[in-house]
Amino acid sequence: MQLPTQLFINGAWRDAASGRRAILVNPATEEAFAEVAAADNADVNAAVESAHQAWESGWRDLAPGKRTEILFNVARVLWENLERIAQLETLHIGKPIGDARDEAGLGARVFEYYAGAITKFCGQTIPVSRGGFDFTLREPMGVVACIVPWNFPFPIACWKAAPALAAGNCVVLKPASLSPLTALALGELAHAAGLPPGVLQVLPGSGSAIGDALVTHPLVRKISFTGSTEIGRRIMELASRDLKRISLELGGKSPNIVFADADWQRAAETSPMSVFANTGQDCCARSRIFMERSIYEPFVSKFVESTRKLLVGDPTQPETQLGPMVSAGQRATVEEFLADARKQGSKFACGGGRPGNKGYYLDATVLLDVGKEDRCWREEIFGPVVAITPFDDEAQMIREVNASPYGLSASLWTNDLRRAFRVSRAVQSGVLSVNSHSSVHVEAPFGGFKTSGIGRDLGMAAMEGYTELKNVYIAE
Ligand code: NAP
Ligand code: MG
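Computed from a predicted model, the values in this text were never measured in an experiment. Sequence order as written defines the numbering, with residues in each chain counted from 1. Each chain gets a letter, beginning with A, and each ligand a number, beginning with 1, in the order they are written. For this predicted model, a pLDDT threshold of at least 70 governs which residues receive local features, and a threshold of 80 or more governs which side-chain atom pairs are given and counted, while totals over whole chains, interfaces and linings are taken from all residues. Based on all heavy atoms of the structure, the side-chain values leave hydrogens and waters out of the count.

Some words on the overall build of the protein
Going along the chain from the N terminus, every DSSP run of H or I of four or more residues is numbered as a helix, and every run of E of two or more is numbered as a strand. When you go through the protein residue by residue, the secondary structure sums to 15 helices and 21 strands. What the globule rule says is 2.2 Å times the number of residues to the power 0.38, and the radius of gyration is computed from C-alpha atoms. Against the globule reference of 23 Å for 476 residues, the protein gives a C-alpha radius of gyration of 23 Å, in line with a compact fold. Reported as C-alpha extents along the three principal axes, the dimensions of the protein are approximately 70 × 60 × 40 Å. Each residue is assigned to one of three classes by its accessible area relative to the maximum for its type, calculated with a 1.4 Å probe on protein chains only: buried under 20%, partly exposed between the two thresholds, exposed over 50%. Looking at the protein as a whole, 56% of its 476 residues are labelled buried.

In structure tokens, the structure reads:
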């Protein structure tokens, strides 16, 4: 398979100005398999300037119908190349191929949604009291920097780039160093589908080397970021100097709340994948389970039984459910959490070690008796680790749920409708699902409360976030 290994600027491949390249390692085999160009500040300038040029010279003012046609074409070309995208995703981050195929399809559906949204994204006419004619416009901002992580590289790149482009902006997309391939494929395929040169640039390179230059570039008007709370804070600080627009989708410590009146057996069977899918490297991972005490023991035993049945292995095989972690470093970070859990005397109901000795694999791990002050309870682990705790009182449980500084996702299992409404209202999180673990719907807003972020991806909310709102008044 031909790998995309250069920068994609102004519709063409080029090496980094410095000639620097970074090595990619397959996390399932620990083997180096490619070198990809690593941008530096000169390349940031070239990419941003070319995006700005493309914006001013056509994309900004293109008729909505034409932009719709191009983005539908992008979606079609992504569908046609779904298998290639999926194979690249599995190769660089070890994502199980079945999930990689689903996520490649999700990226294509996002382009379809925003292609259709262009001609349905309306302003208002407002009956202002002094008479005359008053209406609002949603105007594009200019160059948007989209900085994306390695856990869902392709779909997140799509769900940032598609609404930004649909709203009439041009994009500089910076993939994570561990996962540049599918972002580069997106740039190439989008241009093959008719996106004019310069409208979407893809800039692989180390965030610590080029992040500041990209975020502070005077022609970048908005930064849309998904990643760690630490880097999100840094971006917000830098963006504040010029009051740049930001949207940040950061970490989580999401609760999974199960009441005794629920179909708790189904909850116990499905909940393992709500935290262990993507080997736990998911900002929505339901990593804290709150169980009503009367069903705590049978739930734990069924949950552990379901966890043991998960198929861990070669991510290129369609039956594999859990692949390796993305890197040796990410696994080491998670193992530090496990060491802390041991030190604090938590009980390991299963897991805690490494299966096999090749690839960055880690066992799906179920912790019991985790103290509410312990790191494993309070901090985002970003690996295949869950803590289960019993509760007696609904109000006290909700206080513990909301004690987290995070507020991204939550699940709630109950068959009591009034309780479902009450608890849904009380939990502080940006997305919540009842009797389900879904967090992401192309058509609905996705993002967090508190330190989980600012602004929303997906749905029409994301389109709003890539525009400025202008009010025009015409006197009679
Ligand atoms: P990260 O550093 O926040 O990386 C996310 C993206 O930001 C990557 O593209 C990264 O590029 C880039 N970046 C890094 N430093 C930057 C800077 N100074 N300015 C601008 N962009 C910068 O996350 P990580 O280090 O990969 O993972 C650390 C932890 O973050 C994880 O353990 C997890 O807790 C959390 N995380 C959360 C999510 C999420 O979905 N919310 C995703 C990934 C990680 P490079 O790859 O080149 O550094
Ligand atoms: Mg980092």
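Moving on, there is more to tell.
Side note on the sheet that holds strand 11 (residues 255-258)
Sheet strands line up and pair through hydrogen bonds in the backbone, either parallel or antiparallel. In spatial order, the strands read 13-14-15-12-11-17-18; together these seven strands make up an open sheet with mixed pairing. On the outer flanks of this sheet lie strand 13 (347-350) and strand 18 (431-434), each paired with one strand and no other. The sheet shows a mean angle of 25° between the axes of neighbouring strands, direction not considered. Bridge count for strand 13 against strand 14 (residues 365-368) is three bridges, and the pairing is antiparallel. What sits directly across from K347, in strand 14, is L368. Two strands form a pair only when DSSP identifies at least two bridges running between them. Comment: axis = line fitted to C-alpha atoms, over the contacting stretch for helices; angle = value between 0 and 180 degrees taken between N-to-C directions.

As for unusual backbone geometry
Across the chain, the bulk of peptide bonds are trans and the bulk of non-glycine residues have phi less than zero. Phi angles above zero are rare outside glycine, and N10 is one such case at about 55°. Tracing the backbone shows N10 in the loop between strand 1 (7-9) and strand 2 (12-14). Here the phi dihedral of E30 falls at roughly 65°; this positive angle occurs in a residue that is not glycine. Summarising the element assignment, E30 is placed in the loop between strand 3 (21-26) and strand 4 (31-37).

What about the pattern of salt bridges?
In what follows, salt bridge is the name for a side-chain nitrogen of Lys or Arg lying within 4 Å of a carboxyl oxygen of Asp or Glu. This model, assessed by the stated rule, comprises 22 salt bridges. One salt bridge connects R101 with E83, and the closest N-O pair in it is separated by 2.8 Å. With a gap of 18 residues between them, R101 in helix 4 (residues 97-117) and E83 in helix 3 (residues 82-93) connect regions that are remote in the sequence. Looking at E83, the relative accessible area reads 34%, which means it is partly exposed. Put simply, E139 and K470 hold a salt bridge, and the shortest N to O gap is 3.0 Å. With E139 in strand 5 (residues 133-140) and K470 in strand 21 (residues 467-474), this pair connects stretches of sequence that are 331 residues apart. Looking at K470, the relative accessible area reads 39%, which means it is partly exposed.

A word on the nonpolar core
Residues belong to one nonpolar core when they are buried, are Ala, Val, Leu, Ile, Met, Phe, Trp, Tyr or Cys, and are joined through side-chain atoms within 4.5 Å. Counting 98 residues, the largest nonpolar core has L78, F111 and L173 as its most contacted members. Residues are treated as being in contact if the distance between any of their heavy atoms lies within 4.5 Å. In this structure L78 touches I85, G107, A108, F111, F154, C158, L186 and L189, once residues within four positions along its chain are discounted. Counting residues in hydrophobic clusters, the runner-up holds 26 residues, among them W264, A267, A285 and W413.

What about the site of ligand 1?
Neighbouring residues are identified by heavy atoms, a residue being near a molecule or strand if any of them is within 4 Å of it. Near ligand 1 there are 26 residues, and of these V148, W150, S177, G207 and S228 occur at the shortest range. Here an oxygen atom of ligand 1 sits 2.8 Å away from a polar atom, N or O, in the main chain of V148. For this analysis, a polar contact is any N or O atom pair within 3.5 Å, provided that within protein one partner can donate a hydrogen and the other can accept it, and provided that sequence-adjacent residues contribute only side-chain to side-chain pairs. A distance of 2.7 Å separates an oxygen atom of ligand 1 from a polar atom in the backbone of G207. Values of accessible area rely on a 1.4 Å probe in the Shrake-Rupley scheme; residue burial ignores everything except the protein chains shown. The fraction of the free accessible surface of ligand 1 (860 Å²) that becomes covered by protein chains is 84%.

With respect to the layout of surface pockets
Cavities and pockets are defined on a 1 Å grid built over the protein atoms alone: a cavity is a set of grid points where a 1.4 Å probe fits but cannot escape, while a pocket is an open set with protein on both sides within 12 Å along at least five of seven lines, and lining residues are those with an atom within 4 Å of any such point. Grid points are joined across faces, edges and corners, and a volume is the space filled by probe spheres set on the points. Considered as a void within the structure, the largest pocket measures approximately 1200 Å³ in volume. Contributing to the lining of the largest pocket are 49 residues, with G227, S228, T229, E230 and I231 lying nearest its centre. Elements with a contribution of two residues or more to the lining of the largest pocket: helix 7 (207-216), strand 9 (220-226), helix 8 (229-240), helix 11 (328-343) and helix 12 (375-378). Here the lining of the largest pocket takes six residues from helix 8, the largest share from any one element. Tallied by class, residues from the lining of the largest pocket come to 20 nonpolar, 16 polar and 13 charged. Lining the second largest pocket are 25 residues, and of these E103, F152, A277, D282 and H437 sit closest to its centre. For the lining of the second largest pocket, the per-class residue count stands at 13 nonpolar, six polar and six charged. A domain split of the lining of the second largest pocket shows at least three residues from each of domain 1 (7-250 + 452-474) and domain 2 (255-441). Ten residue types, Ala, Val, Leu, Ile, Met, Phe, Trp, Tyr, Cys and Pro, are classed as nonpolar, four, Asp, Glu, Lys and Arg, as charged, and the remainder, Gly among them, as polar. What marks off one domain from the next here is an automatic or database domain assignment.

Notes on the packing of aromatic side chains
Classification of ring pairs uses Phe, Tyr and Trp, with its six-membered ring standing for Trp, and accepts pairs whose centres are within 6.5 Å; under 30 degrees between planes counts as stacked, over 60 as edge-to-face, and the remaining range as tilted. Overall, the coordinates contain nine aromatic pairs when judged by the stated rule. Pairing F8 with W13 gives two aromatic rings, centres 4.9 Å apart and planes at 65°, and the pair type is edge-to-face. When its relative accessible area of 3% is taken as the criterion, F8 is described as buried. Aromatic ring contacts, followed pair by pair, group F276, F299 and F303 into a single cluster. Distance and angle both matter: a charge sits over a ring if NZ of Lys or CZ of Arg is within 6 Å of the ring centre and within 35 degrees of the ring normal. Seen from the ring of W59, R67 lies directly overhead, with NZ or CZ sitting 5.9 Å from the centre. A cation sits over an aromatic face here: K372 above W377, 5.1 Å from the ring centre.

Thoughts on the domain arrangement of the protein
Each assigned domain of the protein is listed here: domain 1 (7-250 + 452-474) and domain 2 (255-441). Distance between the C-alpha centres of domain 1 and domain 2: 31 Å. With 23 residues of domain 1 at the contact, the number on the domain 2 side is 29 residues. Between the two partners, domain 1 and domain 2, sit zero salt bridges. Where domain 1 meets domain 2, there are eight residue pairs in polar contact (both at pLDDT 80 or more).

Section: the packing of helix 4 against helix 5 (residues 153-166)
Look at helix 4 against helix 5: their axes get within 8 Å of each other, and the N-to-C directions meet at 10°. Here helix 5 runs roughly parallel to helix 4, going by the angle between their axes. Two secondary-structure elements touch here, helix 4 through E103, A104, L106, G107, V110, F111 and Y114 and helix 5 through F154, P155, C158, W159, A162, P163, L165 and A166. Of the residues belonging to the contact of helix 4 with helix 5, the class tally is 13 nonpolar, one polar and one charged. Oblique is the label for every angle not falling under 35 degrees (roughly parallel), over 145 degrees (roughly antiparallel), or within 65 to 115 degrees (roughly perpendicular).

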